[in-house]
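Structure at a glance
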Amino acid sequence: MAGRSMYIPPKFALSESDARAALAHGGLAHLVSHTEDGLRVTPLPVVYDADRHALLGHVARANPHWRAEGAESVAIIPGPDAYISPAFYPTKGETGKVVPTWNYDVLAVHGRLIAHDDVDWVADLVGRLTVEHERGRDDPWQVADAPASFVAGQLRAIVGVELAITAVEGKSKMSQNQPERNRDGVVAGLRRSPRPGDRAVADRVENTEGAPR
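Residues numbered from 1 in each chain as written. Predicted model: local features only at pLDDT ≥ 70, side-chain atom pairs only at ≥ 80, totals over all residues. Heavy atoms only, no water.

- As recorded by an unreviewed UniProt entry, the chain carries the name Transcriptional regulator and is attributed to Mycolicibacterium iranicum.

Observations concerning the overall build of the chain
- Summing up its helical and strand segments, the chain has 6 helices and 6 strands in all.
- When its helices and strands are written in sequence order, the chain yields α-β-β-β-β-α-β-α-α-β-α-α.
- For the C-alpha atoms alone, the extent of the chain along its principal axes is close to 65 × 45 × 30 Å.
- By the burial criterion, 45% of the 213 residues in the chain qualify as buried.
- Sequence-distant contacts, at least 24 apart, represent 75% of the contacts inside the chain between residues at least 6 apart.
- Accessible area for the chain stands at about 11800 Å²; split by element, carbon and sulfur atoms hold 54% of it.
- Taking the average place of the 24 positive charges on the side chains of the chain and the average place of its 28 negative ones, the gap between the two points comes to 9 Å. (Helix = DSSP H or I, 4+ residues; strand = E, 2+ residues; numbered from the N terminus. Buried < 20%, exposed > 50% of the residue type's maximum accessible area, 1.4 Å probe, protein only. Contact = heavy atoms within 4.5 Å. Areas by Shrake-Rupley, 256 points an atom, 1.4 Å probe, with all protein chains shown as cover. Lys, Arg positive; Asp, Glu negative; His and termini not counted. Charge placed at Lys NZ, Arg CZ, Asp CG, Glu CD.)

Let's talk about the environment of G160
- Relative to the helices and strands, G160 is located in strand β6 (residues 158-173).
- Classification of G160 by relative accessible area gives buried; the value is 0%.
- Sequence separation of G160 and R128 is 32 residues, and the distance between their C-alpha atoms is 13 Å.
- Not counting residues within four places of it along the chain, the set of residues in contact with G160 comprises G57, H58, I114, A115, H116, W121 and V122.

Side note on the sheet that holds β6
- The strand order β1-β2-β3-β6-β5-β4 describes a closed barrel built from 6 strands, whose pairing is antiparallel. Neighbouring strand axes in the sheet, compared pairwise and without regard to direction, differ in orientation by 40 degrees on average.
- As defined by bridge partners, strand β1 (residues 27-35) adjoins strand β2 (residues 38-49) across 9 bridges and the pair is classed as antiparallel. Note that in β2 the partner of H30 across the bridge is P43. (Pairing = 2+ DSSP bridges. Axes fitted to C-alpha atoms, helices over the stretch in contact; angles between N-to-C directions.)

What to know about the packing of helix α5 (residues 180-191) against helix α6 (residues 196-207)
- Between α5 and α6, whose axes approach to 8 Å, the crossing angle comes to 155 degrees. When the interaxial angle is binned, α5 and α6 end up roughly antiparallel. In this structure, α5 crosses over α6, and the sense of that crossing is left-handed. The residues of α6 that touch α5, namely those facing R183, V186, V187, L190 and R191, are D198, R199, V201, A202, D203, V205 and E206.
- Grouping the amino acids of the contact of α5 with α6 by side-chain chemistry returns 6 nonpolar, no polar and 6 charged. (Parallel < 35°, antiparallel > 145°, perpendicular 65-115°, else oblique. Left-handed = near helix turned anticlockwise from the far one by under 90°. Nonpolar A, V, L, I, M, F, W, Y, C, P; charged D, E, K, R; others polar.)

A few points about the pattern of salt bridges
- Throughout the structure, instances matching the rule amount to 13 salt bridges.
- For R20, the salt bridge identified is with E16, shortest N-O distance 3.2 Å. Of this pair, R20 and E16 both sit in helix α1 (residues 16-25), 4 residues apart, which is roughly one turn of that helix.
- A salt bridge links E162 to R52; its shortest N-O distance comes to 2.6 Å. Here E162, found in strand β6, pairs with R52, found in the loop between β2 and β3 (54-60); they are 110 residues apart in sequence, far enough to count as distant. (Salt bridge = Lys/Arg side-chain N within 4 Å of Asp/Glu carboxyl O.)

Some remarks on the nonpolar core
- One finds L23, L55, A75, I77, L107, V109 and I165 to be the most contacted residues of the largest nonpolar core, which totals 24 residues.
- If you tally residues by element for this core, the top one is β6, at 5 residues.
- Excluding residues within four positions of it along the chain, I165 makes contact with L23, Y48, H53, A54, L55, V109, H110 and G111. (Core = buried A, V, L, I, M, F, W, Y, C linked by side-chain atoms within 4.5 Å.)

As for the environment of Y7
- Looking at where Y7 falls in the secondary structure, it is placed in the segment before α1.
- Taking the C-alpha atoms as reference, Y7 lies 9.7 Å from E169; in sequence the two are 162 residues apart.

Looking at α5
- Helix length check: α5 (12 residues) gives 17 Å between terminal C-alpha atoms against 16 Å at 1.5 Å per residue, within 8%.
- Restricting attention to buried positions, one finds in α5 the residues N182, R183, G185, V186, V187, G189 and L190.
- Packing partners of the buried residues in α5 comprise β4 (72-84), α2 (91-94), β5 (101-116) and α6. (Expected span 1.5 Å × (residues − 1).)

The structure is reproduced here in structure tokens:
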């Protein structure tokens, strides 16, 4: 992987298989492009196209970000995250030498921005995004459920964007630097949390490859 731009200690480097899985999952990305007018930043849902090795999404026509075609860009895709309290660590009572931290997964996808001001391209993308995120629902919504004239108007109000990927960086900070008893304490503490996302991080800590078990 050439040209790392994110600080990733080796123990926190996301495995290649996990990075591929995170890329395929897509989700909400924060697209950042370097332009002559400064940095453009847009949050947008994306889908990964394996054949094109690209992330695809769309922005409002009124958003000038799509006009930054050709710009060097990065899409930052966050994963589960959680605050880690020193109280989770058994070593707190042994030495007191503990501090708060944060556990998280994040993917930084680098590439070149391409704009698609083509209604057919955008319609296909909207269909793909809809199928992806409606999957598993008892009564999944379809684009065809809305009046055709309404859909046509909505499509004219957006422009497609593509990030042609040149590099992918993945970081997974899931307490790999802690001894086993502290990791067990993190899992137990997060499972007691009322925040649903914390339990997702507990699962990640418990199943992270290369963890000191």
